[in-house]
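# Reading the structure
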Amino acid sequence: MYRAIIRSLSCTPPVRLKLVLVAALLVFASLGRGEEEITLQFPPPGSEPLTYVSFRPEHHLGEADAELLAGDGWLAGPVTTLRVVRTSFLASAYSAQISVRLVSLSASRPQAVGWRMGGDAWQVFPRLGEWVPLKSLPAGLAEWETEFQLGYHPSLADPPGLYRFRLQFQLDYPQLPEVIRTVYLAQWEMVADWRVGEVVILTVHGPVALGEVGAELFHPQLGFGALEASGYPIWVGTNLASGLVVTLRPHSVWFPAQFSPGRAGLLEDFSVRFQGGQYLPLREGTVEVAEVAPFVLHEFLVSYRYQADEQDVPGEYGLILEYTVSTP
């Protein structure tokens, strides 16, 4: 019985992976601090203050890396405090409604902007400009505060660059007569910014064992069959507008000393298939196996095939394959 496998020199990882394109580090100008909490009073100074709102106006979310862009996580800002203090007859006699809306966004996905309070699940905006209820304050509640956090759900759909969104908050008293309702209306804003770097993703499956060449692979009329292994995933993605090209080459091979065809003969009998297409024979040098459009994480299912023949001698056979992604 003759065994054929695909493995790496160190066996970790089993298929050697090499990135030709290295993500660049982008340098941006300072965004300013703005990290201190402020307190606003409504109506503004000069009138009787009835509502105080304390909050952090600027939130810096950091930078979205490849793990976030390829996964399902949130780029979250610091946990801050949102505090409301109501005085006089407003607190004792009237309920209030706090709402929030997304006023502006430099990205194209309003549903990716979110917030959460007290560590709860992330809430998102259905669309730009629509008011969303945040919290109801019942009559008799003079003070209320919560942990508050802003975030963004990045993806490969976001090109490299600097992003920003602006939120507008409103504390309203729906039960007040319309003539004085606007006098006690409180509105304030928060902004958040973050960076998205240049991201290239290449993830390759683990070891592939093709099996053994035995008597069952030989048919008196049809001749020798082949060892095949199918459905091994490779993920490729980028947020670079140019997209990527995926290439493959044999890095190294091994075989018994008595195998007379040597490296060239082994490569001649070995082939690869991407996404159910035609098997591509390996050769010295590189073979282009796929072109990848930008802004989406692509999954390719790969199949490997080794054609047995009468020159195969007992022993272990194997290859190290090198996948490479590069810009066109």
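Before reading further, recall that the structure is shown in the block above.
These lines cover the structure that appears in this document, whether it is placed above or below.

Criteria and cut-off values
Residues numbered from 1 in each chain as written. Predicted model: local features only at pLDDT ≥ 70, side-chain atom pairs only at ≥ 80, totals over all residues. Heavy atoms only, no water. Phe/Tyr/Trp six-rings, centres within 6.5 Å; stacked < 30°, edge-to-face > 60°. Helix = DSSP H or I, 4+ residues; strand = E, 2+ residues; numbered from the N terminus. Buried < 20%, exposed > 50% of the residue type's maximum accessible area, 1.4 Å probe, protein only. Lys NZ or Arg CZ within 6 Å of the ring centre and 35° of its normal.

## Considering the packing of aromatic side chains
Enumeration over the complete set of coordinates arrives at 17 aromatic pairs. Measuring from ring centre to ring centre gives 5.8 Å for Phe148 and Phe169, while their planes differ by 70°; the resulting arrangement is edge-to-face. Remark: Phe169 occurs in strand S12 (residues 161-172) and Phe148 occurs in strand S11 (residues 143-152); sequence separation between them is 21 residues. Exposure class is identical for Phe148 and Phe169. Each is buried. Relative to Trp194, the ring of Tyr163 lies with its centre 5.6 Å away and its plane at 10°, an arrangement referred to as stacked. Here the residue Tyr163 occupies a position in strand S12, and Trp194 occupies one in strand S13 (residues 186-196), the gap between them amounting to 31 residues. Taken individually, Tyr163 and Trp194 each receive the classification buried, so the pair is uniform in this respect. Lying across the ring of Tyr279, Arg305 places its NZ or CZ 5.8 Å from the centre.

## Let's talk about unusual backbone geometry
Only a minority of non-glycine residues have a phi that is not negative, and only a minority of peptide bonds are not trans. For the bond from Phe42 to Pro43, the omega torsion is -10°, close enough to zero to count as cis. Following the sequence through the fold, Pro43 ends up in the loop between strand S2 (38-42) and strand S3 (51-55). With a phi angle near 60°, Ser88 is a residue other than glycine that sits in the positive phi range. Take Ser88: it is sitting in helix H2 (residues 88-93). Notably, Phe295 is not glycine yet its phi reads approximately 75°, a positive angle. Tracing the sequence through the fold places Phe295 in the loop between strand S22 (287-292) and strand S23 (298-307). Residue Phe295 is classed as partly exposed on the basis of its relative accessible area, which comes to 28%.

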